[in-house]
Number of protein chains: 2
Amino acid sequence: MPITTESWAEQVRAGEVRAISRAVTAIENREPEGEKLLRELFPHTGKAYRVGVTGAPGTGKSTLVDKLAAHYRGQKKTVGIIAVDPSSPFTGGAILGDRVRMQGHATDAGIFIRSMATRGSLGGLAQATSDTALLLDAAGKEFVLVETVGVGQGEIEIVRLADCTLVVLVPGMGDDVQNLKAGLMEIADIFVLNKCDREGADRFEEQLRAILAIAPERGGWHPPVVRTIATENRGISELAREIERFRQHTSGPENRRAREIELWKQRLVELLEQRLIERVTRAGIDEAALASLAERIANRETDPYSAVNEILAKAGIGESK
Amino acid sequence: MPITTESWAEQVRAGEVRAISRAVTAIENREPEGEKLLRELFPHTGKAYRVGVTGAPGTGKSTLVDKLAAHYRGQKKTVGIIAVDPSSPFTGGAILGDRVRMQGHATDAGIFIRSMATRGSLGGLAQATSDTALLLDAAGKEFVLVETVGVGQGEIEIVRLADCTLVVLVPGMGDDVQNLKAGLMEIADIFVLNKCDREGADRFEEQLRAILAIAPERGGWHPPVVRTIATENRGISELAREIERFRQHTSGPENRRAREIELWKQRLVELLEQRLIERVTRAGIDEAALASLAERIANRETDPYSAVNEILAKAGIGESK
């Protein structure tokens, strides 16, 4: 059934769950309609507050995100949740997970949950996550919570889109403070010490605070450490309070703006790269064609630089110089 | 002083250190001459055996690589070393480090050492490392050792170009076996347990072997664990023996070929992305222009998708569809 992008956009803006779901799918599959829709919705974005939540597997991120969402819902705020799983190759299981999680918020139209898993490259996932966050923003969600496993560069790209980033740690998980990856230390606006009733929590917090005390401050902000037991809903309102405090701290016009401009610069470069690849694919240079070129290179029948020029010429993007 | 690419290529092939050094610099700076040179040298590549060495900072990778190089030199094999440091923003210190390391191999013309540090994106570094490996290959180095800190996605890209990948671990460095990043486990063809005289080495090795025993085998190869004390030159010949065993194991024509074709496919995509960015930069869309577009997006005066189309049009790569 054909539907105009205009009315689709209106449905999304009205927060209609089906329209949003279809839009996320269009974005994930990179359907041209998805981009048209995003273009139309874009002027209505920029209002949502995006909270990124990252941490190792088993730190209780999902539960924490659910409780935080429930807290915001209790304040009559609308919430969108994007659960990104870069390790899962397809969404089958993830979608099932959505349904299970949605039951907790059963008939609540003020909340939207969507899982995204890797399709192809991590870069594509970061792009799809960013676009979905825009979509939920346009759909009027006041908070967009983006949850992802913190393991590599790709996931750091994913939380980079957030206005505020939570790093979730659990004491005694082999997560010795010394082992904290430098990348995680740098992106954390707030540390969440979840399952803080576990043994060793005090010592862990002490060590963490010792490191934070000597870490260079960023823009006058010292990342706080919030202790939670998400399963028992403990520490959640304190966490929400710290998020709000960070929001106030960074709401100075120059601060937030500088961050947003930097983000869009990076996105533009990523979008550009993606465009070229799409262009090349459309010119008929598919996996098989690439494989055959790669084979010729492996045989030393051609070299990679000439091969690339050949592809560019075929795609009508030949050297103009 | 103008010099033809032909004679430059000949000098590189003859293994002349100055010609090789200049070529690496040209590659690092993405000078057009560098690519011309690589294109000319490419048919003479594919003979070197590339060994990637990765591990956390402080595992003694450099010493291990030096000793392994010395071992090969003792067998009259020529060796090239590329030491990649993605965390270092410029090469000043790295180049100094080269000189210090070179002294160990003072007047030996059979060895070439070069450090590379991040200039801009990690992607660019992987490309430069790959091109430098090709260069040393063309220069007749029988072994090219690529050493990099194993922390993120970018470094995994760097060692991916290797024919054989060593993951260096040290017992008791907080490197609990459970903490080993999945990425590192997957890329290791051989595990090196360096500083194996440290306490806890036996337990560490035991745990590692227990995990490896249940890990899925890849192409009939079970990654061995080699114990070394690089500073005392212990375990180095055992390591060389395991590398040789892996080389034999993967030397079946279909095996090595499949791996090489896969690698070239990925390189082609990376080269393509790089080309577009260069093309865009040449069209005058520099940092400032990107920043100004990003600002207009942040102001919601335009949207990212239209902005990208604008850039493409300016670069003469507008939509043909």
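Attention here is on the structure that accompanies the text.

### Considering the interface of chain B and chain A
Phase 1: Counting from both sides, the interface comprises 55 residues of chain B and, opposite them, 56 residues of chain A.
Phase 2: In terms of surface lost to chain A, no three residues of chain B exceed Leu 272, Arg 300 and Tyr 305 of chain B, which account for 16% of the buried area on that side.
Phase 3: If you look at where chain B meets chain A, you find 2 salt bridges.
Phase 4: Residues Arg 300 of chain B and Glu 260 of chain A are paired through a salt bridge, measuring 2.6 Å at the closest nitrogen-oxygen approach.
Phase 5: Applying the counting rule to chain B against chain A returns 6 residue pairs in polar contact (both at pLDDT 80 or more).
Phase 6: Contributions of two or more residues to the side of chain B that touches chain A are made by helix 3 (32-41), helix 6 (122-138), helix 11 (253-282), helix 12 (287-298) and helix 13 (304-314) of chain B.
Phase 7: Split by residue class, the side of chain B that touches chain A holds 27 nonpolar, 11 polar and 17 charged.

### Some points on the packing of helix 4 (residues 61-74) of chain B against helix 10 (residues 236-249) of chain B
All names here are of chain B.
Phase 1: The N-to-C vectors of helix 4 and helix 10 enclose an angle of 75°; their axes lie 10 Å apart at closest approach. On the basis of the axis angle, helix 4 is roughly perpendicular to helix 10. Residues Leu 64, Lys 67, Leu 68, His 71 and Tyr 72 of helix 4 form the contact with helix 10, whose own contacting residues are Ile 236, Ser 237, Leu 239, Ala 240 and Ile 243.
Phase 2: The residue makeup of the contact of helix 4 with helix 10, split by class, is 7 nonpolar, 2 polar and 1 charged.

### A word on unusual backbone geometry
Residues and elements named next belong to chain A.
Phase 1: The backbone phi angle of Asn 233 is positive, close to 65°, even though this residue is not glycine.
Phase 2: Take Asn 233: it is sitting in the loop between strand 7 (225-227) and helix 10 (236-249).
Phase 3: Judged by relative accessible area, Asn 233 falls into the partly exposed class, the value being 45%.

### Details of the packing of aromatic side chains
Phase 1: All chains considered together, the criterion is met by 8 aromatic pairs over all chains.
Phase 2: Between Phe 42 of chain B and Trp 264 of chain B the ring centres are 5.5 Å apart and the planes differ by 75°, which places this aromatic pair in the edge-to-face class. Taken together, the residues span a long stretch of sequence, with Phe 42 of chain B in the loop between helix 3 and strand 1 (49-55) and Trp 264 of chain B in helix 11 at a distance of 222 residues.
Phase 3: Residue class for Phe 42 of chain B comes out buried when judged on its relative accessible area of 2%.
Phase 4: Judged by centre distance (3.7 Å) and plane angle (5°), the rings of Tyr 72 of chain B and Phe 143 of chain B are stacked. You can see Tyr 72 of chain B sitting in helix 4 and its partner Phe 143 of chain B sitting in strand 4 (residues 143-149), a full 71 residues away along the chain.
Phase 5: Note on Tyr 72 of chain B: relative accessible area 3%, which makes it buried.
Phase 6: Through a chain of ring-to-ring contacts, the aromatic side chains of Tyr 49, Tyr 72 and Phe 143 of chain A assemble into a single cluster.

The rules behind the values
Residues numbered from 1 in each chain as written. Chains lettered and ligands numbered in written order. Predicted model: local features only at pLDDT ≥ 70, side-chain atom pairs only at ≥ 80, totals over all residues. Heavy atoms only, no water. Contact = heavy atoms within 4.5 Å. Buried area = accessible area lost by both parts, 1.4 Å probe. Salt bridge = Lys/Arg side-chain N within 4 Å of Asp/Glu carboxyl O. Polar contact = N/O pair within 3.5 Å; in protein donor to acceptor, adjacent residues only side chain to side chain. Helix = DSSP H or I, 4+ residues; strand = E, 2+ residues; numbered from the N terminus. Nonpolar A, V, L, I, M, F, W, Y, C, P; charged D, E, K, R; others polar. Axes fitted to C-alpha atoms, helices over the stretch in contact; angles between N-to-C directions. Parallel < 35°, antiparallel > 145°, perpendicular 65-115°, else oblique. Buried < 20%, exposed > 50% of the residue type's maximum accessible area, 1.4 Å probe, protein only. Phe/Tyr/Trp six-rings, centres within 6.5 Å; stacked < 30°, edge-to-face > 60°.

Remember, this is a structural readout, not a statement about activity or role.
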